[in-house]
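Architecture at a glance
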Amino acid sequence: MTDTGTSSSTAPAGQIAVSPNNPCPFLRALVANGYVGGHLVPLSKIAETIDLASGEVGASKIMVWLETYGVAMIANGNPLKSIASGAVLDELRNGPLDKHGAGSRILDVDAHVHEDEIARLATFGKDCKDPSGGVERGLTAKEIDTFMAANLKRAGDAARWYYPMLMKGEWPVLLEIMGKCDGDERYLSVPEVRTLFVERRFPDRIVARLA
């Protein structure tokens, strides 16, 4: 792959440096902006923070909390230790959730963001009507499924049977949290994905929820 990447390991002004061994773009943005620590974080803190970011209420809010807690519990490969002391966010690389190149490949092992992979992501989407009246490139749930299937096919023999299950906790969840519109029209904005990866910043509506 041609290296058209930009560094995402150094901290822009006003942000906290994030370890390259934290490969999750959403967690990286949470750490960079001080919502959670970059090393050892209690599972309940991670679950509560992502719960707030989702904007869900009622039973859906409880479900987000439980699902997030469950994923964080296994992320380092030692659930009992994680329950007792928390998840170690700067030791997620090569853990049970790492797909070793079978994912989007937007963020590499050195925390470089590859712009060509963001451009590839955009090819799976379509022009979507922004709620504010504009038009932008985005991916609906169906298009995200197609994108994830293509990632698995690209990985070839490196893909494992359980990777599709891991993927359900990534791009589809990002769609739930950061998506615009509702129902089948809900989409994940490619420009906002780029901002999340490159600048480690959330859209204003997510920042408002976290506040």
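These remarks concern the structure in this document. (Residues numbered from 1 in each chain as written. Predicted model: local features only at pLDDT ≥ 70, side-chain atom pairs only at ≥ 80, totals over all residues. Heavy atoms only, no water.)

Once that is clear, we can look at the overall build of the protein. On a plain count of helices and strands, the protein comes out with 10 helices and seven strands. Compactness check: the protein gives a C-alpha radius of gyration of 16 Å against a globular reference of 17 Å for 211 residues, within 12% of the reference. Taken over the C-alpha atoms alone, the protein extends approximately 45 × 40 × 40 Å along its principal axes. Residues classed as buried in the protein amount to 42% of the 211 residues present. Separation of charge centres in the protein, based on 23 positive and 27 negative side chains, amounts to 1 Å. (Helix = DSSP H or I, 4+ residues; strand = E, 2+ residues; numbered from the N terminus. Rg over C-alpha atoms; globule rule 2.2 N^0.38 Å. Buried < 20%, exposed > 50% of the residue type's maximum accessible area, 1.4 Å probe, protein only. Lys, Arg positive; Asp, Glu negative; His and termini not counted. Charge placed at Lys NZ, Arg CZ, Asp CG, Glu CD.)

It is worth spelling out the state of the cysteines at this point. As enumerated under the stated definition, the model contains zero disulfides in all. Take Cys-128: it sits in no disulfide, and the sulfur closest to it among the cysteines is that of Cys-181, at 7.6 Å. The exposure class of Cys-128 is buried, given its relative accessible area of 6%. Take Cys-181: its relative accessible area is 26%, and that puts it in the partly exposed class. (Disulfide = S-S within 2.5 Å.)

This part is about the packing of aromatic side chains. Applying the stated criterion to the full structure yields eight aromatic pairs. Their ring planes at 50° and their centres at 4.7 Å tell us that Phe-26 and Phe-202 sit as a pair that is tilted. Residue Phe-26 is found in helix 1 (residues 25–32), and its partner Phe-202 is found in the loop between helix 9 (190–199) and helix 10 (204–210); the two are separated by 176 residues along the sequence. Residue classification places Phe-26 among the buried residues on the basis of a relative accessible area of 6%. (Phe/Tyr/Trp six-rings, centres within 6.5 Å; stacked < 30°, edge-to-face > 60°.)

Let us now look at the environment of Val-109. With respect to the element layout, Val-109 can be found in the loop between strand 3 (87–88) and strand 4 (112–114). When its relative accessible area of 54% is taken as the criterion, Val-109 is described as exposed. In the structure, Val-109 is positioned 86 residues away from Pro-23 in sequence and 7.7 Å away in space, judged by C-alpha atoms.

The next thing to look at is the pattern of salt bridges. The final tally for this structure, using the stated rule, is 14 salt bridges. Across the pair Lys-99 and Glu-170 runs a salt bridge whose closest N-O atoms are separated by 2.5 Å. Note that Lys-99 is positioned in the loop between strand 3 and strand 4 and Glu-170 in the loop between helix 7 (163–167) and helix 8 (171–178), a separation of 71 residues in sequence. Looking at Lys-99, the relative accessible area reads 8%, which means it is buried. (Salt bridge = Lys/Arg side-chain N within 4 Å of Asp/Glu carboxyl O.)

Relative to each other, helix 2 (residues 43–54) and helix 3 (residues 58–74) sit at 140°, their axes nearing to 8 Å. Relative to helix 3, the element helix 2 is oriented oblique. In this structure, the crossing between helix 2 and helix 3 has a hand that is right-handed. Along the contact surface, helix 2 presents Leu-43, Ser-44, Ile-46, Ala-47, Glu-48, Ile-50, Asp-51 and Ser-54, while helix 3 presents Lys-61, Val-64, Trp-65, Thr-68, Tyr-69, Ala-72 and Met-73. (Axes fitted to C-alpha atoms, helices over the stretch in contact; angles between N-to-C directions. Parallel < 35°, antiparallel > 145°, perpendicular 65-115°, else oblique. Left-handed = near helix turned anticlockwise from the far one by under 90°. Contact = heavy atoms within 4.5 Å.)

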